[in-house]
Structures are given as structure tokens and as C-alpha cells.
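These are the residues of each chain, in order.
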Amino acid sequence: MTPRPPSDDSPKKNGATGEPGESGAKKSAAVKKTAVKKAAEGKTTAKKAAAGKKAAAGKKAATGKKAVGKKAPGSKTTASNPVLTPVLAPVPAPVFAGVDPGDRERLLNGTHHNPHGVLGAHPVPGGVAFRAFRPYALGVTVVTDDLRAELHDDGDGFFSGLLPLRAVPESYRLVVAYEDTEQETEDAYRFLPALGEFDLHLLGEGRHEQLWRALGAEPMVHQGVPGTRFAVWAPNARGVRLAGSFNFWDGTGYPMRSLGSSGVWELFVPAIGEGELYKFDITRPDGTHTLRADPMARRTEVPPATSSIVHASHHEWRDEDWMTGRGVRAAHEAPFSVYEVHLASWRPGLTYRQLAEQLPVYVGDLGFTHVELMPVAEHPFGGSWGYQVTGFYAPTARLGTPDDFKYLVDALHRAGIGVLMDWVPAHFPRDDWALAEFDGRPLYEHEDPLRAAHPDWGTLEFDYGRREVRNFLVANAVYWCEEFHIDGLRVDAVASMLYLDYSREPGQWVPNEHGGRENLDAVAFLQEMNATVYRRNPGVVTIAEESTAWDGVTRATHHIGPGGFGGLGFGLKWNMGWMHDSLDYVAHDPIHRQYHHNEMTFSMVYAYSENYVLPISHDEVVHGKRSLVSKMPGDWWQQRANTRAYLGFMWAHPGKQLLFMGQEFAQGAEWSEAHGPDWWLLDPAYAAEPDHRGIRDLVRDLNTLYAREPALWQRDTDPTGFTWIAGDAAQDNVFAFLRHDADGTPLLAVSNFSPAVRHGYRLGVPEDIPAWHEVLNTDAARYGGSNVLNQDPVKPEPHPTHGRPTSIQLTLPPLSTVWLRPA
């Protein structure tokens with residue numbers, strides 16, 4: 001894990017939508033307040049005040065729909081003299097139908113918890129009171145099948161009328177007149193909550209495993225009317241209003257209701273559908289306002305724009321065969337080689353759908369079983385590589401829509417390639433339109449500033465002890481697996497989550513309740529996340545990027561270890577120790593490697609303590625670390641030979657394989673997200689193209705043989721699947737070992753990290769194998785090597801070596817790895 005710069009480029013104004021910043025909202029509110037005051041003093045008419053708002057309101061209705069028909073006929077009416085057809089009941093006595101002054105003030109200020117209890121239609125003595133809050137409107141008329149009544153203009157955008165009805169109509173509509181236009185719409189405040197009691201119960205418990213169906217923007221038909229239900233968790237807010245492209249980013253007339261102690265605010269808006277932009281206008285505890293993107297948004301604008309977008313998926317999956325078969329064999333007992341991809345820079349400029357045409361073909365040709373996609377969740381700063389997420393439920397819009405991303409996953413599955421994605425539950429950036437102090441107080445982050453501030457990346461850490469936050473993250477993991485058919489989650493920066501003192505000095509952290517340094521809340525969260533994902537999605541694998549010796553990262557959650565903790569429940573773990581040690585070894589000149597021999601053998605001391613992935617990831621080829629081939633000593637030929645030998649050793653070593661893009665063809669430059677891999681190195685017109693193509697051909701053959709040889713993966717996590725033959729040949733720079741499949745059939749791997757050719761090199765082998773046949777030699781000419789091969793079958797001799805009664809003699813090419821199997 002490398003430090004990533006914080007996101008500090010979030011815009012103060014959304015240029016794509018004309019969305020106001022907070023200062024603009026305050027100015028707008030001040031203007032409206034002045035106009036209201038003048039109207040109350042009789043210095044202007046309601047009509048002139050509304051006309052003065054024309055520039056802000058335009059000719060679009062508050063629901064974003066154009067007017068239909070002409071202005072409603074009929075004379076001006078008052079609350080005590082509505083025009084009705086027919087009059088269903090006499091009014092026994094005048095009853096005030098308008099909005100109470102206290103409610104009026106709270107609605108105007110955005111601090112009302114129950115706007116539905118005031119607005120809409122309500123039975124009162126003498127009939128039914130209709131109240132509407134439509135800023136900028138010139139008039140509002142109630143229409144049913146049986147009547148049409150114009151409401152009284154009460155000022156400040158409020159309209160009311162007492163209609164002599166015996167009961168609230170089952171349905172009615174509002175005809176709202178604006179300057180030069182008129183629109184007929186359903187009244188958003190006549191609808192019951194579109195969020196059920198069971199949803200609220202699960203939310204309260206922090207156990208809503210499909211949280212994205214309860215919160216956020218959900219297009220639906222509610223009480224027979226199409227529209228979108230908006231819901232957001234903001235328990236500290238004094239009020240929440242909905243602002244978007246459908247109301248010119250003025251949420252004044254769209255207050256949301258609080259659903260009790262749940263902290264959830266909800267509003268069903270008729271006629272609003274897919275593609276509309278929106279945010280939540282939140283009144284903080286101190287009375288100020290903040291405009292926030294939806295934490296549950298399933299689609300966002302293209303950065304640097306920051307609005308959420310109402311979305312419904314229409315993708316039809318065609319990967320049934322893949323989904324049916326992916327859980328047949330556990331990941332740790334199956335071939336598992338991963339090509340790590342940063343989608344935005346793999347071939348810069350390609351969309352998800354264009355990538356779907358090229359990436360499956362390329363990866364399939366090289367024989368990788370999976371791709372791992374660097375974070376695809378929305379993020380504002382491209383230089384973070386996606387590791388500072390603001391849209392946890394939205395694939396980045398830089399490359400297309402959520403359905404476009406599904407199309408890419410679908411195409412990879414149909415090509416027989418699994419899809420892993422990096423997932424970032426460790427931290428989030430401080431952008432003031434996203435999660436940081438979302439409702440005016442710490443909400444997603446820990447309330448203790450020392451616990452909240454991530455010491456390395458300038459970001460904020462999640463409060464894993466808060467059940468709603470834990471629910472947000474657990475459901476997010478489930479969301480990617482279920483909605484996007486993701487086959488696995490590589491969880492970023494696990495070590496930073498597990499320790500209270502991670503990158504902190506004494507005095508900057510507080511021990512847990514037992515006096516230890518473990519973050520007990522984070523442990524519980526990871527256990528719950530893994531247990532939930534595996535229970536709901538058999539065949540999915542979770543992978544931890546965990547750089548310490550934490551006990552039981554891949555142990556089952558219910559198995560208690562010597563430290564008193566249950567396992568974290570991951571399926572696999574990145575073997576950071578192997579990566580650092582092996583890269584350190586090969587970076588030495590061969591003459592010095594004998595003094596670092598243990599760096600290549602030490603991994604077998606702990607190889608079976610966890611289920612491992614061997615990662616040569618993006619983190620190892622950036623920030624001055626150099627690309628894989630450039631880490632190697634010697635001239636260009638030796639660098640390539642060292643790279644080939646290293647890859648051959650890596651693919652034979654216990655554990656799964658991961659290789660970052662560009663390293664498969666020995667790119668010499670470090671990776672940059674700005675331009676991606678140097679594909680020109682594979683241009684036949686380039687003189688050194690064969691050198692790079694040779695490395696890529698080797699990677700293809702490694703993957704092909706790897707998939708074909710069960711000895712290399714079937715007993716990856718079983719100590720009986722590995723046997724050293726020569727682990728102590730330090731002066732020779734030679735490593736030799738056997739891998740065994742479930743039936744005991746062996747494969748012999750021998751690496752010579754010396755530039756010398758070793759003729760007649762004797763190795764002890766099992767006596768029951770009559771002959772060995774070379775199936776891979778990284779020094780082959782087609783890979784760019786010197787073509788020193790063992791072309792004929794090699795037969796054992798009764799010559800005791802390495803503690804075995806029989807042995808073979810091999811020719812070991814310089815800087816190479818050879819694989820042999822029983823002939």
C-alpha cells in the first residue's frame with residue numbers, strides 16, 4: 001500500500017449543472033427572505049415577487065416537467081370561498097386552513113421533521129384542508145375527478161384552502177401556475193412513506209444486507225404513481241431537503257420527512273425518473289446548510305462534477321454458465337493467476353464497452369484466470385488511482401454508466417475470466433460535498449479526531465463501531481458481488497484498519513478496553529463482512545492486503561486463535577513478506593546473492609500459515625521503485641533473463657499469482673496513470689520488440705502450463721504439496737523443489753539465479769519416477785534466452801543426492817528456471 005495524496009480538487013460549484021455552492025445557497029436564501037418581507041409589508045404583490053424569481057425558476061415546473069395545457073380557468077378565490085364542482089358538504093364555520101406560523105418558519109428554514117403532517121390534504125373540522133408549498137408559483141389549483149378548486153395564496157410560496165369534503169380524496173393533482181407556464185402534477189405530500197417498517201427495523205439493527213434498496217434514489221411505482229423515492233441517513237440533521245436538476249437546485253419546496261429514531265429522511269417525488277441529478281440539502285445542527293452527494297448513489301456525474309444521478313439498471317446478464325460454475329472449486333484449491341488492471345490507463349480513452357471488446361481477448365490470450373480491477377468506485381482525484389472513494393456504490397463515470405460496467409464484467413465472464421475488484425473500506429477523503437461530517441457532525445468517521453484522521457493519507461477512517469456505518473460497508477461489499485457479479489474483493493489497507501497505533505506515535509492513540517493495540521471494532525467489521533459475503537455469494541473470494549503477521553487473516557471467523565481472536569474470514573491474503581524478500585534478492589548482483597539466499601527460502605517457513613497470493617502489484621512499480629525488469633541487475637539481456645527466471649520461480653512457488661499490467665512484456669518505465677503501459681514496445685516496427693514479446697510469450701506459457709499442472713495449485717495450502725530438494729545451495733544460487741498434486745504426482749522446479757551455465761547439476765529425485773521431461777525453460781530462444789535446454793528425457797541414476805537414493809543430472813541455463821514433470 002503506498003501513500004495516496006488526498007483529494008483536494010473538489011469543485012465549489014458544479015459547472016455541468018449550474019449547481020450552487022453553499023455560499024450561493026445562502027445568497028439565494030437571503031434574496032428570497034427579502035422578497036418575502038416586502039410581500040408581507042404590501043410593497044409588492046405575490047405575482048410580482050414570483051415574477052422577480054423568474055430568472056432563478058425559469059419556465060420549468062418544480063418537478064422538472066413542462067407545462068401541459070393552458071392556465072386554469074376561474075376567478076381568484078380565497079380559503080373561505082373556493083370554487084368547487086360539486087360542493088359535497090356545507091362548511092359549518094370558518095376554519096383556518098393555512099400553515100401554522102411555526103411550521104411555516106421551519107419549512108422556510110429547512111428544519112421541519114414532518115412536512116407531510118402539514119402539507120398535502122388533511123381532514124379538519126368542516127372539510128379537508130389542502131396545503132401546498134410551491135415557491136415561485138403564482139397560483140395552485142387542486143383537481144380531482146369531481147372538483148377543481150384554486151387555493152389561496154398565503155405568501156412565501158404557501159397556498160391553502162378548506163374544501164367542504166367528507167374525506168381526503170384517494171387521489172388528486174395540483175395544477176401549479178408559473179409566469180407564462182403551468183404544470184399539472186401529483187402532490188408529493190399525499191403519499192405514505194415508501195420505506196417499510198421492516199427496512200427501518202433492519203437499518204436500526206445495522207443488518208440491512210441490501211441497504212442500497214432501502215436508501216438512496218429508487219425509481220418505483222408507489223401507490224400507483226411512478227416516481228422516485230429518495231432516502232438518506234442523517235441522524236444529526238435538523239432538516240433535509242431535496243435539490244436537483246428538477247427544481248433548479250433549490251430544495252426549499254422539497255422538504256423530506258424524518259422517519260422517527262432511525263435517522264432516515266424520506267421523500268417520494270412523483271414523475272421524477274432516471275437521469276435526474278440530485279443532492280441533499282442538509283440543515284446542520286448549527287442551522288447552516290450543506291449540499292451533499294448521496295452516499296448511496298448508484299450513478300454519479302463525471303468528475304470533477306459531483307452530483308448524484310437517479311439510476312435504474314437495464315442490463316440483461318448473459319453469464320449464466322460462469323455464475324453457475326464459479327463456486328464448484330474453492331479458490332485456494334484452483335488455478336488462480338491474476339492480471340491487475342487500472343482500467344482508466346490500460347488503454348487510455350477506452351470506455352467500459354470498448355474495454356469489453358479488447359480486455360477479455362488480451363487477458364484470455366495470456367491465460368490469466370482473473371483480472372483484478374483497481375478501484376472502480378467513484379473518486380474525485382484521478383491521482384489517487386481510485387483509492388480515495390466518494391461514491392462507494394457507483395462505478396466511476398469516467399468510463400461510462402453502471403450498465404456499461406456490467407457489460408464489461410459480463411464480457412469477461414463469457415470469456416471465462418473472473419473479475420476481482422479493489423475495495424477500499426479503510427478510509428475516505430475529506431471533500432465537503434461527500435461523507436466528511438456528512439450531517440454537520442462526525443457520522444461516517446469516528447467522533448474522536450485522533451481516531452478519525454488517517455495519519456498517512458490525509459483522509460478519514462470509518463467508525464467501525466457504529467452499526468449503521470458497519471452496515472453501509474458490509475452492504476457495499478454485498479452490492480458489488482450481487483449487482484455487478486464481481487467474483488472477489490481485494491480489500492485494501494487491512495493493516496491500517498486492524499491496529500489503533502498504525503502509523504501513530506505514543507500519545508496519539510488510546511488502547512482498547514483490554515489495554516491492547518488491536519482495533520476491536522475493525523476486527524468485528526471484517527469478520528461480519530466476510531461472513532456475510534460468503535454466506536450470500538458462494539464462490540466469491542475475499543482477499544486481504546495485510547502487511548503484518550496478524551494471526552488468522554484467512555482463518556474461519558468462528559475458529560479462535562492463540563491471540564484470542566477468531567479468524568478474520570478472508571479467503572486469501574497477499575504475501576507481502578514473500579514479495580519484499582524475493583524482490584530484494586533478485587535486485588542484488590548474482591555474485592552477492594549467496595549472502596541473501598535465505599530471502600528466497602524464508603517464505604516456506606510460513607507459507608502455510610495463511611492462504612496466500614504472491615503479488616507483483618502496482619505498488620511495486622511506481623514512486624521510484626522501478627518496473628519489474630528495471631529492478632534487475634546487469635545489462636539488458638541479463639535484466640530480461642533475471643525477469644524470466646523470477647517469473648518462473650514465482651509461478652512454481654506455493655500461492656496464487658498476481659502481475660500488474662505492463663510487467664507481462666517487460667516495460668522498462670514505471671507505471672503512470674496518465675499514460676498507462678508502453679504498448680509501443682510491442683510494435684513490430686520497434687527494433688527491440690522481440691525482447692518484449694518474448695517475455696509476454698513466457699507469461700502466456702506459464703499460465704497455460706500452470707492451469708494444466710494440478711501440482712502447481714491443487715495443494716497450495718497443504719504442506720504435503722511441497723518438498724525441498726535443494727534449499728541450501730547458496731553458493732550456486734540454485735533453488736530446487738517439488739510440487740505435488742492431490743494424487744502425489746510431482747512437478748520439479750529448478751531456478752538458477754547465477755549467470756553461469758551449470759552442466760551436469762545433480763539433484764535428488766523420487767525413485768519411483770522412471771524419467772523426467774522438461775516442460776518449461778525460461779532460457780528458450782523464443783523467450784529471448786540463450787536456448788540452453790534439456791531436450792531429451794532425463795532418467796534417474798542410483799546416485800544418492802540430497803538425502804535421496806536416486807538423482808538426475810541437469811544442465812541449468814544461466815539466469816533461468818526450468819520445470820520438469822514425469823515423462
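Please refer to the structure higher up on the page.
Since the structure is predicted, the reported quantities are computational estimates derived from the model, not experimental observations. (Residues numbered from 1 in each chain as written. Predicted model: local features only at pLDDT ≥ 70, side-chain atom pairs only at ≥ 80, totals over all residues. Heavy atoms only, no water.)

**Q** Sorry if this is basic, but what is going on with the overall build of the protein here?
**A** Tallying secondary structure elements over the protein gives 19 helices and 35 strands in all. Evaluated residue by residue, the protein yields a buried proportion of 60% over its 823 residues. Total accessible area on the protein is roughly 31100 Å²; 52% of this is exposed by carbon and sulfur atoms. (Helix = DSSP H or I, 4+ residues; strand = E, 2+ residues; numbered from the N terminus. Buried < 20%, exposed > 50% of the residue type's maximum accessible area, 1.4 Å probe, protein only. Areas by Shrake-Rupley, 256 points an atom, 1.4 Å probe, with all protein chains shown as cover.)

**Q** Would you mind going over the side chain of T252 with me for this structure?
**A** Looking at the element boundaries, T252 is found in the loop between β11 (239-244) and β12 (257-258). On the basis of relative accessibility, which here comes to 6%, the residue T252 falls in the buried class. A distance of 2.5 Å separates a polar atom in the side chain of T252 from a polar atom in the side chain of D250. (Polar contact = N/O pair within 3.5 Å; in protein donor to acceptor, adjacent residues only side chain to side chain.)

**Q** Which parts of the structure should I look at to understand the packing of aromatic side chains?
**A** Any aromatic ring pair is given by two values, namely how distant the centres are and how the planes are angled relative to each other. Enumeration over the complete set of coordinates arrives at 49 aromatic pairs. Both rings, one in Y339 and one in Y362, keep their centres 5.9 Å apart while their planes meet at 50 degrees; by these two values the pair is tilted. Here Y339, found in strand β17 (residues 337-341), pairs with Y362, found in helix α8 (residues 352-366); they are 23 residues apart in sequence, far enough to count as distant. One exposure class covers both Y339 and Y362, and it is buried. Taking the centre distance of 6.5 Å and the plane angle of 40 degrees together, the rings of F462 and F472 count as tilted. Of this pair, F462 sits in the loop between β23 (460-461) and α11 (467-483) while F472 sits in helix α11, placing them 10 residues apart in sequence. Directly above the ring of W346 sits R347, whose terminal nitrogen or CZ lies 5.1 Å from the centroid. Note that R347 overlies the ring of W679, its terminal NZ or CZ placed 4.2 Å from the centroid. (Phe/Tyr/Trp six-rings, centres within 6.5 Å; stacked < 30°, edge-to-face > 60°. Lys NZ or Arg CZ within 6 Å of the ring centre and 35° of its normal.)

**Q** Would you mind showing me how to read the nonpolar core here?
**A** One broad rule of soluble globular proteins: the nonpolar side chains tend to lie buried together. By size, the foremost hydrophobic cluster in this structure holds 179 residues, and its most contacted members are L343, F405 and W480. Here the element with the most residues in this core is α11; it accounts for 10 residues. In this view, F405 contacts L343, Y352, L373, V376, P395, W480, F484 and I486; residues no more than four positions away in its chain are not counted. With 19 residues, the next largest nonpolar core counts V734, L748, V765 and I769 among its residues. (Core = buried A, V, L, I, M, F, W, Y, C linked by side-chain atoms within 4.5 Å. Contact = heavy atoms within 4.5 Å.)

**Q** Whenever I open this one, the sheet that holds strand β3 (residues 139-143) confuses me. Can you help?
**A** Two strands in a sheet stick together by hydrogen bonds in their backbones, pointing the same way (parallel) or opposite ways (antiparallel). Across the sheet, which stays open at both edges, the 4 strands sit in the order β4-β3-β7-β8 with antiparallel pairing between neighbours. In this open sheet, the two edge strands, each paired with only one partner strand, are β4 (148-150) and β8 (181-186). With strand direction ignored, the average angle separating the axes of adjacent strands in the sheet is 20 degrees. The pairing of β3 with β4 spans 3 bridges and is antiparallel. Bridge pairing in β4 links V143 to R148. (Pairing = 2+ DSSP bridges. Axes fitted to C-alpha atoms, helices over the stretch in contact; angles between N-to-C directions.)

**Q** Would you mind going over the sheet that holds strand β35 (residues 816-822) with me for this structure?
**A** An order of β29-β30-β31-β35-β33 is seen for the 5 strands of this open sheet, with the pairing classed as antiparallel. Bordering the open sheet on either side are β29 (722-729) and β33 (772-777), each of which pairs with just one other strand. On average, each strand axis in the sheet is tilted by 20 degrees relative to the strand beside it, whichever way the strands run. In the packing of helix α18 (residues 636-652) onto the sheet, contacts are made with β30 (734-740), β31 (746-752) and β35, and the angle to β35 comes to roughly 40 degrees.

**Q** I keep staring at the packing of α11 against helix α13 (residues 520-536) and nothing clicks. Help me out?
**A** At a minimum axis distance of 10 Å, the contact between α11 and α13 shows a crossing angle of 30 degrees. Compared by their axis directions, α11 and α13 come out roughly parallel. For α11 against α13, the interelement crossing comes out right-handed. Across the interface between the two elements, R470, L473, V474, A477, V478, C481 and E482 from α11 touch F525, E528, M529, T532, V533 and R536 from α13. Class assignment of the residues belonging to the contact of α11 with α13 gives a composition of 8 nonpolar, 1 polar and 4 charged. (Parallel < 35°, antiparallel > 145°, perpendicular 65-115°, else oblique. Left-handed = near helix turned anticlockwise from the far one by under 90°. Nonpolar A, V, L, I, M, F, W, Y, C, P; charged D, E, K, R; others polar.)

**Q** Any chance you could explain the pairing of strand β1 (residues 120-124) here in plain terms?
**A** Two faces make up the sheet, and in a regular strand the side chains alternate between them. Both β1 and strand β2 (residues 127-133) contribute to a ladder of 5 bridges, which runs antiparallel. The residue of β2 that forms the bridge with A121 is F130. The loop that links β1 with its antiparallel partner β2 comprises 2 residues; one of these, G126, has a positive phi angle of about 95 degrees.

**Q** Would you mind showing me how to read helix α5 (residues 197-205) here?
**A** Residue pairs spaced three or four apart in an α-helix point in one direction, given the helix's 3.6 residues per turn. All buried positions along α5 are accounted for by L200, L202 and L203. Each buried residue of α5 sits inside an arc of 160 degrees when the element is viewed along its axis, so together they form one side. Set apart from the buried face of α5 by more than 90 degrees, the exposed residues are E197 and F198. Where α5 is buried, its residues meet β13 (264-270) and α11. In the stretch just after α5, G206 is the one whose phi turns positive, near 70 degrees. (Arc of directions from axis to C-beta.)

**Q** Help me out: how do you make sense of the pattern of salt bridges in this one?
**A** Note that side chains of opposite charge can pair when their charged atoms are close. Taken as a whole and assessed by the stated rule, the structure comprises 41 salt bridges. Between R700 and D365 there is a salt bridge whose closest N-O contact spans 2.8 Å. Here D365 lies in helix α8 and R700 lies in helix α19 (residues 689-708), a separation of 335 residues in the sequence. Across the salt bridge formed by E468 and R466, the nearest N and O atoms sit 3.7 Å from each other. Taking the relative accessible area as the measure of exposure, E468 reaches 19% and is therefore buried. One salt-bridge network, held together by shared partners, links R207, E209, R470, E482, E528, R535 and R536. (Salt bridge = Lys/Arg side-chain N within 4 Å of Asp/Glu carboxyl O.)

**Q** Sorry if this is basic, but what is going on with the packing of helix α14 (residues 576-587) against α18 here?
**A** Angle between the axes and distance between the axes are the two parameters that describe a pair of packed helices. Between α14 and α18, the least distance of the axes is 11 Å, while the angle of their chain directions is 150 degrees. The pairing of α14 with α18 is recorded here as roughly antiparallel in orientation. The hand of the α14/α18 crossing is right-handed. On α18, the residues touching W578, M579, S582, L583 and V586 of α14 are Y646, F649 and M650. Its residues placed into classes, the contact of α14 with α18 shows 7 nonpolar, 1 polar and no charged.

**Q** How do you make sense of the side chain of E372 when you look at a structure like this?
**A** Assignment of secondary structure puts E372 in strand β18 (residues 370-373). Looking at E372, the relative accessible area reads 1%, which means it is buried. Ignoring anything within four residues of it in the chain, the contact list for E372 reads V338, Y339, E340, V341, L420, D422, R490, W574 and L658.

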